[in-house]
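Breakdown of the fold
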Amino acid sequence: TETDAVQEDARGGLGGDDEEVDESTSDKDRISSLAAFQKQAVLHAMKFPAVKRLTYSTCSIHNEENEEVVAGILREAPHFHLVPALPSWHRRGVGIPGVITDDEARKCVRTVPKEDNTIGFFVACFERDPSAAADPPSGSDKQHKKKSKN
């Protein structure tokens with residue numbers, strides 16, 4: 001059966017209208033750490049063969065947690081592609097030269113808190129290419145087969 005998956009950062013990022021990134025090392029490190037974790041979580045979920053669509057959502061206004069994570073996922077999971085998220089939403093993702101194209105970014109949604117009267121958030125929807133086979137989760141499939149034989 002087909003499965004949809006959602007990966008959401010549970011307010012891990014900085015998305016409030018009054019939250020600015022402190023240029024201190026701790027905020028930069030926190031955002032980098034969150035972005036790395038979020039990318040790995042999505043890539044892990046994409047390994048399950050039943051996952052046909054996956055929605056990535058953050059409560060963040062930062063490119064590093066949003067478009068940059070999406071670009072990294074697209075590079076590492078070529079069997080998935082972006083599909084338009086919330087097509088009627090007026091504000092789209094931001095293209096970043098050398099990172100994510102304008103066409104890819106336009107398939108994503110983002111908000112600007114003070115302009116959109118909401119917290120900052122971002123949404124990207126990935127869909128598995130129909131002809132692509134999923135990579136099994138590393139080690140778990142083999143371990144499951146060994147246990148079920150006993």
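Here the structure is a predicted model, which is why all the values come from computation and not from measurement.

1. Quick look at the environment of Glu 67
Following the sequence through the fold, Glu 67 ends up in helix H2 (residues 67-76). Look at Glu 67 and you get buried, because its relative accessible area is 0%. For the pair Glu 67 and Gly 95, spaced 28 residues apart in sequence, the C-alpha to C-alpha distance is 7.6 Å. The contact partners of Glu 67, leaving out residues within four places of it in the chain, are Gly 93, Val 94, Ile 96, Ile 100, Arg 110 and Phe 122.

2. Description of the state of the cysteines
Inspection of every chain in the model, using the stated rule, returns zero disulfides. You can see Cys 125 has no disulfide; the closest cysteine sulfur is in Cys 108, sitting 8.4 Å from it. On the basis of relative accessible area, Cys 125 is assigned to the buried category, the value being 16%.

3. As for the nonpolar core
Core analysis: the largest hydrophobic core is formed by 22 residues, its most contacted members being Met 46, Leu 54, Tyr 56, Val 70, Ile 73 and Phe 126. Among the secondary structure elements, those contributing two or more residues to this core are helix H1 (25-45), strand E2 (51-58), H2, strand E3 (80-83) and strand E5 (122-128). With five residues, the top contributor of residues to this core is H2. The next biggest cluster of nonpolar side chains, apart from the first, holds six residues, and it includes Val 83, Ala 85, Val 109 and Cys 125.

4. Quick notes on unusual backbone geometry
Here Leu 86, not a glycine, exhibits a phi torsion of approximately 40°, which is positive. Here Leu 86 is to be found in the loop between E3 and helix H3 (102-105). Even without being a glycine, Asn 117 presents a positive backbone phi close to 55°. With respect to the helices and strands, Asn 117 occurs in the loop between helix H4 (113-116) and E5.

5. Notes on H2
Where burial is concerned, most of H2 is hidden: seven out of the 10 residues are buried. For H2, the set of buried residues is Glu 67, Val 69, Val 70, Ala 71, Gly 72, Ile 73 and Leu 74.

6. Details of the packing of aromatic side chains
Counting across every chain of the model gives two aromatic pairs. Measuring from ring centre to ring centre gives 6.5 Å for Tyr 56 and Phe 122, while their planes differ by 70°; the resulting arrangement is edge-to-face. One end of the pair, Tyr 56, is in strand E2; the other, Phe 122, is in strand E5, and 66 residues separate them in sequence. The class of Phe 122 is buried, set by a relative accessible area of 0%.

Here is what the cut-offs are and how they apply
- Residues numbered from 1 in each chain as written.
- Predicted model: local features only at pLDDT ≥ 70, side-chain atom pairs only at ≥ 80, totals over all residues.
- Heavy atoms only, no water.
- Helix = DSSP H or I, 4+ residues; strand = E, 2+ residues; numbered from the N terminus.
- Buried < 20%, exposed > 50% of the residue type's maximum accessible area, 1.4 Å probe, protein only.
- Contact = heavy atoms within 4.5 Å.
- Disulfide = S-S within 2.5 Å.
- Core = buried A, V, L, I, M, F, W, Y, C linked by side-chain atoms within 4.5 Å.
- Phe/Tyr/Trp six-rings, centres within 6.5 Å; stacked < 30°, edge-to-face > 60°.

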